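Read off the chains here:
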Amino acid sequence: MSKRRSTVHSTSSRIVPEHVDVLVVGAGLTGIGMGYHLRKLQPGKSFVILDGREEIGGTWSLFKFPGIRSDADLYTFGFGFKPWNKANSVANAHEIVDYLQETIDENDLGRRIHLGHKVLQADFSKVDQRWTVTVERTADGTRFEMTASFLTSAAGYYDGDQGFTPHFEGRDDFAGQIVHSQHWPADLDWTGKKVVVIGSGATAVTVVPNMAEKAAHVTMLQRSPSYAMPIPRQDPLPILLRKVLPDAAAARITRTVNLTRVSFLYKASRRFPNQMRSLVRRINAKALPNGYDVDTHFAPEYAPWDQRMCFITDGDLFDSISSGQASVVTDHIVRFTETGILLESGKELKADIIVTATGLNMVPFGKMSLSVDGEKVELPEHVFYKSAMVSDVPNFTYTVGYISLPWTLKADLVAQFTCRLLAHMDRHGYSAASPRLDDPSIGRKPFMGLTSGYVARGIHQFPRQGESGPWTVREDYKHDRQVMGKDPIDDGYLQFTSASVPTLSSTR
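Residues numbered from 1 in each chain as written. Predicted model: local features only at pLDDT ≥ 70, side-chain atom pairs only at ≥ 80, totals over all residues. Heavy atoms only, no water.

Chemist: Got a minute to help me understand the packing of helix α5 (residues 202-212) against helix α10 (residues 316-323) in this structure?
Modeler: Packed helix pairs are characterised by how far apart their axes lie and by the angle those axes make with each other. Running from N to C, α5 and α10 cross one another at 50°; their axes reach a closest spacing of 9 Å. Comparing the axis directions of α5 and α10 gives the class oblique. As α5 runs across α10, the sense of the crossing is left-handed. Along its contact with α5, which presents Val205, Val208, Pro209, Asn210 and Ala212, the element α10 presents Asp316, Leu317 and Ser320. Of the residues in the contact of α5 with α10, the class split is 5 nonpolar, 2 polar and 1 charged. (Axes fitted to C-alpha atoms, helices over the stretch in contact; angles between N-to-C directions. Helix = DSSP H or I, 4+ residues; strand = E, 2+ residues; numbered from the N terminus. Parallel < 35°, antiparallel > 145°, perpendicular 65-115°, else oblique. Left-handed = near helix turned anticlockwise from the far one by under 90°. Contact = heavy atoms within 4.5 Å. Nonpolar A, V, L, I, M, F, W, Y, C, P; charged D, E, K, R; others polar.)

Here is the structure:
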């Protein structure tokens, strides 16, 4: 490991301040981006970034399965303030972690990051106008309290502790090794082995071609197919632009072009699902062997973007299928056997290793429990505000990225909105801000419209979205740039207070 990368690891021995102006929960891409914006836009504010894990990077250091990579191009997935300048547009996890470490080093964020510190719960006192936060030092289990004037969740919505595994009859009968993609053993050797990967999502389509390089054969076993589209690992546009333009200009143009393209594809998919379904099928058929049963294995019943689209880097999954190193089986599991998996069709898939790429668990705000004046915040009873706050929860912002667009676009907007809100409060002498929804006629619905299994299992734990006004959660970067970046902070929906004066602004 290089000297620069050495700072990635534990900082659990350093003392966490007793009080900060802003507490950031999570040291992944979102938390590090929040730290940058706080340092730039709110230089007078004290802040720390806490993370229960011993490494920075969030998703990109947690998952260790072979081939893990971004599912979006880094020219748009990277930070707006730090243009991506590497050759690969689609980056491997270690490249993303290196990029994050560079961001930390360049902006003196390391001293503010405390790894191995998990935030368990936070209670906001309306009298004191601050959060009291319970933190656990994971190295020894010691718990302590600290206070913060403002709290922001950069923990995303995935459970980093445990992936989802359905019940498989006969699991204990299998004589080989069973591995979940979220808990990948560092010493797993699949050279010359028969491997079955259960799943059809982004993880499965990444794992299969990478394992196929050394395995005797890899079978992707799916109950139903997902949409899959090939994308190039290297984007020719920025390579060309950097030959004739300064790097900053090339990055800006590439980011704009790629964002426009991705937005267009998503909106076209929602508006013209049948046409997009046909387009994807034609692309798949061209990438697969002649006569391949595309309709069975790569043609979902649902419309494009009802679930996430799977992107195949350089078409590697299709290449593995074409070469015979990998295959796809679409069937239902009856049970595990001693030597493999018995299917409803009566076929038994022989396996030495079974990989359960069966999905993730959703949890709100990194499992951090929130309360106000000692009363637990029952999140499903609350509504998201401007995709950045939660109704009736003071001095709290959160980041949940886009479904169809790169996560970081939303993270940048939420960080900038948080800094704008803090600046507005300082100018007017306010010590607390809380979104207030007083209109009972506004309908409510889940904040995420995907039909994916992990969403169906976990969405009930989250606040909902309203059907109008700032309570909606939209897949629209242009709209959010206006709402979070330009619209007035005091829009009539935020209730502002100070420690000494009751309600100061509440006009709706």
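Chemist: Just checking my understanding: could you explain the pattern of salt bridges for this structure?
Modeler: Between side chains of opposite charge, a pair can form when the charged atoms approach closely. Applying the stated rule across the entire model yields 23 salt bridges. With a shortest N-O distance of 3.3 Å, aspartate 491 and lysine 386 are connected by a salt bridge. Of this pair, aspartate 491 sits in the loop between α13 (477-485) and β25 (494-497) while lysine 386 sits in the loop between β19 (384-385) and β20 (389-390); the two residues are 105 residues apart in sequence, bridging distant segments of the chain. For the pair shown, aspartate 491 and lysine 386 are each scored as buried. The salt bridge partner of aspartate 438 is arginine 436, with a shortest N-O separation of 3.1 Å. Salt bridges sharing partners connect three or more residues here, namely Lys82, Lys86, Glu102 and Glu106. (Salt bridge = Lys/Arg side-chain N within 4 Å of Asp/Glu carboxyl O. Buried < 20%, exposed > 50% of the residue type's maximum accessible area, 1.4 Å probe, protein only.)

Chemist: What's the story with the sheet that holds strand β15 (residues 348-350) in this structure? I'm lost.
Modeler: Strand pairing in a sheet relies on backbone hydrogen bonds, with the paired strands running either antiparallel or parallel. Spatial ordering of the open sheet is given by β13-β14-β15, a layout of 3 strands whose pairing is antiparallel. In the strand order of this sheet, the two ends are held by β13 (333-336) and β15, each with one partner. Neighbour to neighbour, the strand axes of the sheet diverge by 25° on average, direction disregarded. (Pairing = 2+ DSSP bridges.)

Chemist: Whenever I open this one, helix α11 (residues 407-428) confuses me. Can you help?
Modeler: Residue pairs spaced three or four apart in an α-helix point in one direction, given the helix's 3.6 residues per turn. The terminal C-alpha atoms of α11 lie 32 Å apart, and with 22 residues this matches the ideal 32 Å at 1.5 Å per residue to within 8%. Counting buried positions along α11 yields 17 of 22 residues, so the element is predominantly enclosed. (Expected span 1.5 Å × (residues − 1).)

Chemist: Teacher, can you tell me more about the sheet that holds strand β8 (residues 194-198) here?
Modeler: On the basis of which strands lie adjacent, the open sheet formed by 5 strands has the order β7-β16-β8-β9-β12 and parallel pairing. Since the sheet does not close on itself, it has two edges, and those belong to β7 (177-180) and β12 (326-330), each with one partner. In this sheet, adjacent strand axes meet at a mean angle of 20° when their direction is disregarded. Both β7 and strand β16 (residues 353-356) contribute to a ladder of 4 bridges, which runs parallel.

Chemist: So what exactly am I meant to see when it comes to the side chain of serine 181 here?
Modeler: Mapping serine 181 onto the fold places it in the loop between β7 and β8. Sequence-distant contacts of serine 181, that is, excluding residues within four places in its chain, are made with Phe63, Phe65, Thr203, Thr356 and Ala357.

No statement about biological role is implied by the geometric values presented.
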